[in-house]
Amino acid sequence: MESDKGTGVDPGTTSCRDLEEGIQRAFSRDMSYGDYLQLDLLLSAQRPLSDPPQHDELLFIIQHQTSELWLKLMVHELRSARDLLREDQLAPSLKRMARVKHIQHTLTDQWSVLATLTPSEYAQIRPFLATSSGFQSAQYREVEFLLGNKNEDMVKVFGHDPVAQAELTALLHEPSLYDEFLGFLARSGYAVPAELLDRDWSQPYRMNLALVDTFARVYASPAEHWGVYETCEELVDVEDNFQLWRFRHLQVVQRTIGSKTGTGGSTGVAFLRRALDLTFFPELFEVRARIES
Ligand code: HEM
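Residues numbered from 1 in each chain as written. Predicted model: local features only at pLDDT ≥ 70, side-chain atom pairs only at ≥ 80, totals over all residues. Heavy atoms only, no water.

**Let's talk about the packing of helix α12 (residues 209-220) against helix α13 (residues 226-257)**
- The interhelical angle for the contact between α12 and α13, taken along N-to-C directions, is 110°, at an axis separation of 9 Å. Considering their axes alone, α12 and α13 lie roughly perpendicular with respect to each other. For the element pair α12 and α13, the recorded crossing hand is left-handed. Taking contact as the criterion, the partners of Phe215, Val218 and Tyr219 in α12 are, on α13, Val228, Tyr229, Cys232 and Glu233.
- In the contact of α12 with α13, the residues fall into six nonpolar, no polar and one charged. (Axes fitted to C-alpha atoms, helices over the stretch in contact; angles between N-to-C directions. Helix = DSSP H or I, 4+ residues; strand = E, 2+ residues; numbered from the N terminus. Parallel < 35°, antiparallel > 145°, perpendicular 65-115°, else oblique. Left-handed = near helix turned anticlockwise from the far one by under 90°. Contact = heavy atoms within 4.5 Å. Nonpolar A, V, L, I, M, F, W, Y, C, P; charged D, E, K, R; others polar.)

Spelled out as structure tokens, the structure:
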């Protein structure tokens with residue numbers, strides 16, 4: 001083409017792609033993408049309350065809703081990882097944990113989107129949030145319970161939601177992922193104190209020094225205990241990732257509301273900071289001090 005001479009433009013370049021013959025175009029009888037995913041339901045669930053409408057409320061809603069979707073998958077995977085350990089199926093359980101870790105990365109990375117919300121933008125939507133707070137996230141508590149951070153008081157927060165409360169109550173009384181790992185260890189011939197294998201699962205887990213001794217032997221000879229050693233490190237990764245999420249949340253809260261109290265009624269940043277001292281798998285951190293060079 002004469003006009004393209006010397007410009008370096010390929011005359012074949014176009015912004016339009018022809019649709020192939022075989023591509024399905026009619027869905028009055030067949031299932032479409034939107035049908036399968038129930039997108040009409042999903043995409044109609046963003047209902048900003050601000051009046052007059054505030055531009056940033058949609059961001060706030062979507063950030064929370066996407067977090068809840070990922071939490072849903074995390075609960076699904078953690079339950080399965082735990083149940084597989086109960087059946088002594090270590091390799092498939094590790095596969096589940098690997099996926100959990102990727103979900104955690106996604107959840108932590110997505111804080112950067114909400115961090116674009118300035119304090120003044122948040123202040124515009126704050127009145128419409130009323131007393132609602134992520135503190136009331138049932139799925140977040142399910143994840144915590146599955147990982148072993150049991151707290152009966154948390155269940156009381158869900159009196160308004162009998163389904164969530166029943167789910168949490170059940171999880172409170174079931175062994176956590178770590179409890180099942182300890183059961184697996186005992187069945188595999190490792191020394192696990194009896195009081196850890198048969199206890200009231202609803203009670204918070206407390207560090208056991210005899211178990212640290214067992215892990216110290218594993219960490220002294222990783223090659224001899226590879227499967228157990230690998231699982232210990234996967235669990236440490238999961239805890240590490242959980243703390244990263246908590247820390248990013250704390251940072252976003254700090255830059256958004258500073259020292260103000262939370263919509264859920266807590267002191268805000270001071271309350272959230274105390275969660276950074278929690279640990280799911282205390283012996284796996286304690287054992288690190290026992291490793292000799
Ligand atoms: C600008 C955005 C946000 C602010 C200012 C904020 C603020 C807070 C505050 C102050 C608390 C303490 C409880 C309270 O008094 O309300 C809290 C708890 C919590 N928030 Fe957020 N949050 C934000 C975004 C999110 C998002 C996107 C999620 C995702 C699900 C989330 C999940 C949680 C959870 C799970 C807790 C309970 C943490 C715990 O018990 O340690 N928050 N939030």
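**Digging into the site of the ligand**
- The environment of the ligand is made up of 24 residues, and the closest members are Ser133, Arg141, His249, Gly264 and Ser266.
- Of the residues contributing to the shell around the ligand, the split by class is ten nonpolar, 13 polar and one charged. (Near = heavy atom within 4 Å.)

**A few points about the nonpolar core**
- With 64 residues, the main nonpolar core has Leu147, Tyr178, Phe181, Leu182 and Phe215 as its most contacted residues.
- The contact partners of Tyr178, leaving out residues within four places of it in the chain, are Tyr205, Leu211, Phe215, Leu235, Phe280, Phe281, Pro282, Glu283 and Leu284. (Core = buried A, V, L, I, M, F, W, Y, C linked by side-chain atoms within 4.5 Å. Buried < 20%, exposed > 50% of the residue type's maximum accessible area, 1.4 Å probe, protein only.)

**Quick notes on unusual backbone geometry**
- Cis geometry is found at the peptide bond from Asp51 to Pro52, where omega equals 5°.
- Here Pro52 shows up in the loop between α2 (39-42) and α3 (57-86).
- We note that Gln38 has phi near 50°; this positive angle belongs to a residue other than glycine.
- Turning to its location among the elements, Gln38 is positioned in the loop between α1 (33-37) and α2.
- Backbone geometry at Ala130 places phi at a positive 50°, although glycine is not the residue there.
- Mapped onto the secondary structure, Ala130 falls in the loop between α6 (119-129) and α7 (138-147).
- Assessed through its relative accessible area of 43%, Ala130 is described here as partly exposed.

**Here's the deal with α7**
- A large share of α7 lies buried, amounting to ten of its ten residues.
- Those residues of α7 lying buried are Ala138, Gln139, Tyr140, Arg141, Glu142, Val143, Glu144, Phe145, Leu146 and Leu147.
- Looking at the buried side of α7, the elements it contacts are α3, α8 (152-156), α9 (162-173), α10 (177-187) and α13.
- Count one or two residues on from α7 and you reach Gly148, which has phi positive near 110°.

**Some details on the pattern of salt bridges**
- Here the structure, examined in full by the defined rule, presents 15 salt bridges.
- A salt bridge links Glu77 to Arg99; its shortest N-O distance comes to 3.0 Å. With Glu77 in helix α3 and Arg99 in helix α4 (residues 90-109), the pair connects residues that are 22 residues apart, well separated along the chain.
- On the basis of relative accessible area, Arg99 is assigned to the partly exposed category, the value being 38%.
- A salt bridge links Arg82 to Asp83; its shortest N-O distance comes to 3.1 Å.
- Put simply, Arg82, Asp83, Arg86, Glu174 and Glu180 are held in one network by salt bridges that share partners. (Salt bridge = Lys/Arg side-chain N within 4 Å of Asp/Glu carboxyl O.)

**Observations regarding the packing of aromatic side chains**
- Scanning the model with the defined rule gives 13 aromatic pairs in all.
- Plain terms: the ring middles of Phe60 and Tyr122 are 6.0 Å apart, the flat faces sit at 50° to each other, and that makes the pair tilted. Of this pair, Phe60 sits in helix α3 while Tyr122 sits in helix α6, placing them 62 residues apart in sequence. The two residues Phe60 and Tyr122 agree in class, both being buried.
- Between Tyr140 and Trp245, the aromatic rings sit 5.3 Å apart at their centres with planes inclined by 40°, giving tilted as the arrangement. One end of the pair, Tyr140, is in helix α7; the other, Trp245, is in helix α13, with 105 residues separating them in the sequence.
- Above the face of the Phe135 ring, Arg141 is positioned so that its terminal group lies 4.8 Å from the ring centre.
- In this structure, Arg288 is placed above the aromatic ring of Phe285, and the distance from its NZ or CZ to the ring centre is 5.9 Å. (Phe/Tyr/Trp six-rings, centres within 6.5 Å; stacked < 30°, edge-to-face > 60°. Lys NZ or Arg CZ within 6 Å of the ring centre and 35° of its normal.)

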